[in-house]
Amino acid sequence: TFTSNKIAAGEVIERPSSVVKELIENSIDAKASFIQVEIKDGGTTLIKVTDNGSGMDKDDALIAFNRHATSKIYDSSDLDNISTFGFRGEALSSIAAVSQIILNTSTGDQVGTQIKIMGGELDNIKEVAFAQGTSIEIRNIFYNIPARRKFIKGLSYETGLITELITKYSLGHPHIRFKVINNKNIIYDTAGKNTTKSRLKEVFGEELGSKFIYSEDEVFAGSELKAWLAPKEFSKSTRNQQLFFINGRLIKSKELSKSLEDAYHTFLPKGRFPIALLDFTLPFNELDVNIHPTKLNVKIYNLDFLVSKLTSLIKDTLNKTNL
Ligand code: ADP
Ligand code: MG
């Protein structure tokens, strides 16, 4: 299984920011209201994610590192109704196979557990005093896969990817406080229990943050589309500031990007892209998130319908508000 873990690691864990993504998704799944990410050297020597979520008891903590160990799915029919980010049980085993890990965790009502793992092998387990929540410290990622280390670009590039990812996640989860420490410096720290409106100001600054226009549509029964649209003069030369969340999951979608751009089309010169945050709540059986290990791409069953609804919502809003 060590080899298969290393192979799985290649699929899920491409670079330090992929580790951060998996860990913060786990923290969100564990209902944390505070997530702190500490990194050193672009995450290559240290990634430490601490949360105040549910925590794990000793038995759960031990099996969390087994391949396909997940507490989030009980049988394969659950795959049609995935409400959590995790479900494949691959992230921790994959990360463990290519790094050195120290996990501290506690459910709050009993003594905590500390587990050390070296290159996929259990090194040590003991009881520790620990407040409710989980802290996972990952050192020297890819130390045992030199080939993978070559994919790491400059440390400031990797740091940039990580902070960008956390900033984006923080927009989709404004009720959670996110804090980022890079080489001992606090570089991002939001308020907790925030609304999207105030989180937009934290991220984009007062000037742009206060100008987003909000509109919503029900799309189909039981679902919701919330759109936060920036005025056209704040357009960018990249698509980097188009954020799509589906059920809290940050995704990429060419079709949704195109829909957004079509709607802004008459207002923007060529080569300029709108800034927008689109937050969809869809019934879990409307989408398949199980098409790629990183879950960045999802399959939406009624995509054409969704795209047309989105385009008209945005067009209407832009026309009405003269954005
Ligand atoms: P998945 O998220 O797909 O279930 P992971 O490998 O990411 O798989 O995590 C394995 C299991 O470890 C999870 O199902 C969960 O039970 C537990 N776990 C991981 N991270 C946390 C956390 N931050 N808080 C509580 N439990 C966690
Ligand atoms: Mg997970």
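The coordinates are above.
Residues numbered from 1 in each chain as written. Chains lettered and ligands numbered in written order. Predicted model: local features only at pLDDT ≥ 70, side-chain atom pairs only at ≥ 80, totals over all residues. Heavy atoms only, no water.

## Structural notes on the sheet that holds strand S5 (residues 121-128)
- Ordered in space as S5-S4-S3-S6-S2-S1-S7-S8, the 8 strands form an open sheet in which the pairing is mixed. The open sheet has two edge strands with one neighbour each: S5 and strand S8 (185-189). In this sheet, adjacent strand axes meet at a mean angle of 10° when their direction is disregarded.
- Where strand S2 (residues 46-51) meets strand S6 (residues 133-139), 6 bridges bridge the pair, whose relative direction is antiparallel. Bridged to Thr-50 within S6 is Ser-135. (Pairing = 2+ DSSP bridges. Helix = DSSP H or I, 4+ residues; strand = E, 2+ residues; numbered from the N terminus. Axes fitted to C-alpha atoms, helices over the stretch in contact; angles between N-to-C directions.)

## Comments concerning the packing of helix H2 (residues 16-29) against helix H6 (residues 155-172)
- Interaxial distance between H2 and H6 falls to 9 Å at its minimum, and their mutual angle equals 25°. Relative to H6, the element H2 lies roughly parallel. Crossing hand, H2 versus H6: right-handed. Of H6, the residues touching H2 (which contributes Pro-16, Ser-17, Val-20, Lys-21, Ile-24, Glu-25 and Ile-28) are Glu-158, Leu-161, Ile-162, Leu-165, Ile-166 and Tyr-169. (Parallel < 35°, antiparallel > 145°, perpendicular 65-115°, else oblique. Left-handed = near helix turned anticlockwise from the far one by under 90°. Contact = heavy atoms within 4.5 Å.)

## Focus on the side chain of Asp-279
- Along the chain, Asp-279 falls in strand S13 (residues 276-281).
- Not counting residues within four places of it along the chain, the set of residues in contact with Asp-279 comprises Glu-224, Leu-225, Lys-226 and Phe-245.

## What about helix H9 (residues 303-321)?
- For H9, spanning 19 residues, the distance from its first C-alpha to its last is 27 Å, which sits close to the expected 27 Å at 1.5 Å a residue.
- Burial in H9 covers these residues: Leu-303, Leu-306, Val-307, Leu-310, Thr-311, Leu-313, Ile-314, Thr-317 and Leu-318. Taken around the axis of H9, the buried residues stretch over an arc of 165°, which confines them to a single face. With respect to the buried face of H9, the exposed residues turned more than 90 degrees away are Asp-304, Asn-319 and Lys-320.
- Next to the buried residues of H9 lie strand S9 (213-217), strand S10 (224-229), helix H8 (254-264), S13 and strand S15 (299-300). (Expected span 1.5 Å × (residues − 1). Buried < 20%, exposed > 50% of the residue type's maximum accessible area, 1.4 Å probe, protein only. Arc of directions from axis to C-beta.)

## What to know about the pattern of salt bridges
- With the rule as written, the count across this model stands at 11 salt bridges.
- For Glu-137, the salt bridge identified is with Lys-48, shortest N-O distance 3.9 Å. Here the residue Glu-137 occupies a position in strand S6, and Lys-48 occupies one in strand S2, the gap between them amounting to 89 residues.
- Relative accessible area serves as the criterion here: at 13%, Glu-137 is assigned to the buried category.
- Note on Lys-48: relative accessible area 25%, which makes it partly exposed.
- A salt bridge links Arg-239 to Glu-261; the nearest nitrogen and oxygen atoms lie 2.7 Å apart. Within this pair, whereas Arg-239 is found in the loop between S10 and strand S11 (242-246), its partner Glu-261 is found in helix H8, the two being separated by 22 residues in sequence.
- Residues participating in the shared-partner salt-bridge network are Glu-14, Arg-15 and Glu-158. (Salt bridge = Lys/Arg side-chain N within 4 Å of Asp/Glu carboxyl O.)

## Concerning the sheet that holds strand S12 (residues 249-251)
- The sheet built from 5 strands is open, its strands ordered S9-S10-S13-S11-S12 with mixed pairing. In the strand order of this sheet, the two ends are held by S9 and S12, each with one partner. In this sheet, adjacent strand axes meet at a mean angle of 20° when their direction is disregarded.
- Note that S10 and S13 share 6 bridges and pair antiparallel. By the bridge assignment for S13, Glu-224 is matched with Thr-281.
- Sitting on the sheet, H6 touches S11, S12 and S13, and the angle it makes with S11 is about 55°.

## Quick look at H6
- Taking 1.5 Å per residue as the helical rise, H6 with its 18 residues ought to reach 26 Å, and the 26 Å between its terminal C-alpha atoms agrees with that figure.
- Considered for burial, the residues of H6 that qualify are Glu-158, Thr-159, Ile-162, Thr-163, Leu-165, Ile-166, Lys-168, Tyr-169, Ser-170, Leu-171 and Gly-172.

## Digging into the nonpolar core
- In terms of nonpolar packing, the biggest core is built from 51 residues, with Leu-23, Ile-35, Phe-65 and Ile-166 touching the most fellow members.
- Three or more residues apiece are contributed to this core by two domains, here domain 1 (2-189) and domain 2 (201-321).
- Beyond its immediate stretch of four places on either side in the chain, Ile-166 contacts Val-20, Ile-24, Val-37, Phe-178, Val-180 and Tyr-188.
- Membership of the second largest hydrophobic core comes to 27 residues, among which are Ile-251, Leu-268, Val-298 and Ile-314. (Core = buried A, V, L, I, M, F, W, Y, C linked by side-chain atoms within 4.5 Å. Domains from an automatic or database assignment.)

## Looking at the pairing of strand S3 (residues 100-106)
- With 6 of its 7 residues buried, S3 lies for the most part within the structure.
- Summarising the sheet, S3 and strand S4 (residues 112-118) pair through 6 bridges and their orientation is antiparallel. Opposite Gln-100, over in S4, you have Met-118 as the bridge partner.
- Between the antiparallel neighbours S3 and S4 lie 5 residues, among them Gly-108 with a positive phi of about 95°.

## Quick word on the packing of H8 against H9
- At a closest axis distance of 8 Å, the pairing of H8 and H9 adopts a crossing angle of 30°. Classified by the angle between their axes, H8 and H9 sit roughly parallel to one another. Taken as a pair, H8 and H9 cross one another with a handedness that is right-handed. Two secondary-structure elements touch here, H8 through Glu-255, Leu-256, Ser-259, Leu-260, Asp-262, Ala-263 and Tyr-264 and H9 through Leu-303, Leu-306, Val-307, Leu-310, Thr-311, Ile-314, Lys-315 and Leu-318.
- Here the contact of H8 with H9 is built from residues that sort into 10 nonpolar, 2 polar and 3 charged. (Nonpolar A, V, L, I, M, F, W, Y, C, P; charged D, E, K, R; others polar.)

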